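What the coordinates show
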Amino acid sequence: MKVEELLSQSGEWLKGTGPESDVVISSRVRLARNLHRFPFLTVATPQVRAEVEKFVRPRLEEGKLPRKLVYWSLGELSAVERALLVERHLISKEHEKAEGDRGVAVGADEAISIMVNEEDHLRLQVIRSGLQLDEAYDEIDRMDTALEGSLNFAFSPQFGYLTACPTNVGTGLRISVMMHLPAAALSKQMEKVLQSLQRLNYTVRGFYGEGTQPLGDFYQVSNQITMGKSEHDIISELKKVIPEILKFERSWRHKLLEDEPRKLEDRVWRAYGILKHARRITSEEATDLLSALRLGLTLNVITGIPHKVLNELFIFTQPAHLQKIERKILDPEERDAVRAEFIRRRLEGL
Amino acid sequence: MNCEKCHKNHATIHLTAIENGMKKEAHLCDECARQTGVHLKFNFSISDLLGGLMEPPKTPKVNQVRCPECGITYSEFKTKARLGCANDYEVFRSELLRLLEKIHGSTQHAGKTPHTVDAQVRKENELIRLKRDLESVVKSEDFEKAAEIRDRIKTIELELNR
């Protein structure tokens, strides 16, 4: 499979079919693993990086794993293709920008990906649509156990899985739940949510992870503690926290609908009008308007737009996607025109 | 409180610095802070956070301890917030224990153990996990579950002593 072929499909997790999908976009789990007897990437020379990739790659491509994976060496991809992988949530921004031998192995439905030579030798991730923490963990656990068959991971009985950064050591497990919280944000309630989550040792980040701004009212909630708790405990604690946020967001959505139905309707339909007719639109504006449209759909203020179409629009209107679709490098102004056209076409005839 | 420098504007920047064990404070307005070259940070990275959590080691010598395998010193770890190899966990053990306690509230792994690790270690880890579970079920007064866990702990302890 080539990176380009990603354009003819979209990730399983974008289908919008999972549980609680009115609020939860996706559940993502990640495991950090390092190889025994190889220095971490912090000090790895270009030769060591090459050795790690050469050692790991055939083991990721072999047929015995629970999922068939396709491996891309990032050095062999164009800058736009690497950016496209970030937009798809298959690699991190750091992995895109890094130098030296590195790559990613991806499952056909994009539900699983394994970064090689990111901050740790291996970063496994599984993304599922909606709130599916157990399912996502089971899948990543199976892959991790299968990889243990051919790779010896750095592990200590006291410290657990050894990672480059002490914030990941132990289980190496980071769970992130991506949520759409437009009503809490619109009602200026996010500060409250953020503060309580921080007090419980959860971090909140934007759409593309570490260091990104919350765009379009999407927030990613993740566990901070990776040591001293079992994987199961980390998951069950998060499973108690998330429903509270869902309840909160849903109450505010209904309050908006009851208190100021005209204002909400206006906001949603205005967003639809602009998306349907604009000739130029920036990525930020599109994300904001799509976010309003998504809110309208979940409250039946507007109907007839499948969740999948909307979710895909968030991803396909990102810069690298547009450039790959048009098969050329576009400057920001050209992108705004192409983006507007792309959205108009997708919303036509719905 | 007014700015210590211009004595006109309201002081909005409050700085505390520890120099040679002495606490120094400064209270400045935005404008004077900028002129003094105090840069405000709106981007925070993990190394800032870790740097803040890491206590100055009791003896400065610890900073110079070098891992024989990967060659990084403790002070290099502090700036990068990333370790150089698995061996660092042993070389900087006592400093890391303090750091892990602050980050995770724990210094003992209680999760999955790879099946490549020998059976003895796996059992020891399971024992730690079970004892932790026992504490929490006793707290929630689930005595049936507690009895179950206690039995399992006994079995493993027997196996380990054999």
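Predicted model only: the values in this text are computed from it and were never measured. (Residues numbered from 1 in each chain as written. Chains lettered and ligands numbered in written order. Predicted model: local features only at pLDDT ≥ 70, side-chain atom pairs only at ≥ 80, totals over all residues.)

Remarks on the overall build of chain A
Secondary structure summary: chain A contains 12 helices and 10 strands in total. Taken against the 2.2 N^0.38 rule, which gives 20 Å for 350 residues, the C-alpha radius of gyration of chain A at 21 Å falls within 12% of a compact globule. On the principal axes, the C-alpha backbone points of chain A span a range of 65 × 45 × 30 Å. When burial is assessed residue by residue, chain A has 49% of its 350 residues classed as buried. (Helix = DSSP H or I, 4+ residues; strand = E, 2+ residues; numbered from the N terminus. Rg over C-alpha atoms; globule rule 2.2 N^0.38 Å. Buried ≥ 20, exposed ≤ 12 C-beta atoms within 10 Å, placed from the backbone.)

Observations regarding the overall build of chain B
Each helix and strand in chain B was counted, giving 7 helices and 2 strands. Starting at the N terminus and ending at the C terminus, chain B contains elements arranged as β-β-α-α-α-α-α-α-α. For chain B, with 162 residues in total, the buried portion stands at 22%. A separation of at least 24 residues holds for 28% of the contacts in chain B among residues at least 6 apart in sequence. (Contact = placed C-beta atoms within 7 Å.)

Regarding the environment of A:Glu118
Residue and element names in this part refer to chain A. You can see Glu118 is positioned in the loop between β4 (112-116) and β5 (122-129). A tally of 20 C-beta atoms within 10 Å means that Glu118 is categorised as buried. Separated by 47 residues in the primary sequence, Glu118 and Tyr71 have C-alpha atoms spaced 15 Å apart. What Glu118 contacts, discounting residues up to four positions off in sequence, is Ser92, Glu94, His95, Arg102 and Arg123.

Digging into the interface of chain B and chain A
Every contact between the two is made by 32 residues of chain B and, on the other side, 30 residues of chain A. For the side of chain B that touches chain A, the residue count by class is 16 nonpolar, 11 polar and 5 charged. (Nonpolar A, V, L, I, M, F, W, Y, C, P; charged D, E, K, R; others polar.)

Focus on helix α11 (residues 319-326) of chain A
Residues and elements named next belong to chain A. Among the residues of α11, those classed as buried are Ala320, His321, Leu322, Gln323 and Lys324. Tucked inside the fold, the buried residues of α11 contact α2 (79-87), α10 (307-316) and α12 (332-347). Following α11 by one or two positions, Arg327 has its phi on the positive side, about 60 degrees.

Remarks on the environment of A:Ser230
Residues and elements named next belong to chain A. With respect to the secondary-structure elements, Ser230 resides in the loop between β10 (218-223) and α7 (231-259). Assessed through the 20 C-beta atoms surrounding it within 10 Å, Ser230 is described here as buried. For the pair Ser230 and Leu74, spaced 156 residues apart in sequence, the C-alpha to C-alpha distance is 34 Å.

Here's the deal with the confidence of the model for chain A
Parts of the prediction with low pLDDT should not have their coordinates interpreted in detail. When pLDDT is averaged along chain A, the result is 93, and 98% of the positions lie at 70 or above. Put simply, helix α6 (residues 190-199) of chain A is where chain A has its lowest mean pLDDT, 88, and β4(A) is where it has its highest, 98. (pLDDT = per-residue confidence, 0-100.)

Quick look at unusual backbone geometry
Residue and element names in this part refer to chain A. One non-glycine residue, Asn117, lies in the positive phi region at around 65 degrees. Among the residues examined, Asn117 registers 24 C-beta atoms within 10 Å and is labelled buried. A positive phi angle, close to 60 degrees, is found at Arg327, a residue other than glycine. Within the secondary structure, Arg327 sits in the loop between α11 and α12.

Describing the nonpolar core
If you look at the biggest cluster of nonpolar residues, it comprises 113 residues, and the most contacted ones within it are A:Val104, A:Val177, A:Met179 and A:Leu293. When residues of this core are assigned to their parent elements, the largest contribution, 7 residues, is made by helix α9 (residues 283-298) of chain A. Judged by nonpolar contacts, the second largest core, of 5 residues, contains B:Cys3, B:Cys29, B:Cys32 and B:Ala33. (Core = buried A, V, L, I, M, F, W, Y, C linked by C-beta atoms within 7 Å.)

Some words on the pairing of β4(A)
Residues and elements named next belong to chain A. Burial analysis of β4 places 5 of its 5 residues in the buried class, the great majority of the element. Residues Ile112, Ile114 and Val116 line one face of β4 and the alternating positions Ser113 and Met115 line the opposite face, and both faces are buried. Pairing of strand β3 (residues 103-107) with β4 involves 4 bridges; the strand directions are antiparallel. Within β4, the residue paired with Gly103 across the bridge is Val116. If you look at the hairpin formed by β3 and β4, you'll find 4 residues sitting between the two strands, and Glu110 has a positive phi there, around 65 degrees. Across 5 bridges, the pairing between β4 and β5 is antiparallel. For Ile114, the partnering residue across the bridge sits in β5 and is Leu124. Between β4 and β5, which pair antiparallel in sequence order, lie 5 residues; one of them, Asn117, sits at a positive phi of approximately 65 degrees. (Pairing = 2+ DSSP bridges.)

As for the sheet that holds β4(A)
Residue and element names in this part refer to chain A. Ordered in space as β2-β3-β4-β5-β1-β8-β10-β9, the 8 strands form an open sheet in which the pairing is antiparallel. At either margin of the open sheet sits one strand with a lone partner, and together these are β2 (69-73) and β9 (202-205). Taken pair by pair, the neighbouring strands of this sheet meet at an average axis angle of 20 degrees, ignoring direction. Two strands pair when backbone bridges link them, and strand β1 (residues 24-33) and β5 are joined in this way by 8 bridges, in the antiparallel orientation. If you follow Ser26 over to β5, its bridge partner there is Ser129. (Axes fitted to C-alpha atoms, helices over the stretch in contact; angles between N-to-C directions.)

Some remarks on the packing of helix α4 (residues 133-148) of chain A against α7(A)
All names here are of chain A. Direction vectors running N to C along α4 and α7 enclose 160 degrees, while the axes themselves pass 10 Å from each other. When the interaxial angle is binned, α4 and α7 end up roughly antiparallel. Crossing angle aside, the handedness with which α4 passes α7 is right-handed. Contact with α4, carried on its side by Leu133, Asp134 and Tyr137, involves Glu231, Ile235, Leu238 and Lys239 of α7 and no other residues of that element. Class assignment for the residues of the contact of α4 with α7 results in 4 nonpolar, no polar and 3 charged. (Parallel < 35°, antiparallel > 145°, perpendicular 65-115°, else oblique. Left-handed = near helix turned anticlockwise from the far one by under 90°.)

Section: the environment of B:Val65
All names here are of chain B. Residue placement: Val65 occurs in the loop between α2 (46-53) and α3 (74-80). Given 16 C-beta atoms within 10 Å, Val65 falls into the partly exposed group. Along the backbone, Val65 and Phe92 are 27 residues apart, and their C-alpha atoms lie at a distance of 8.0 Å.

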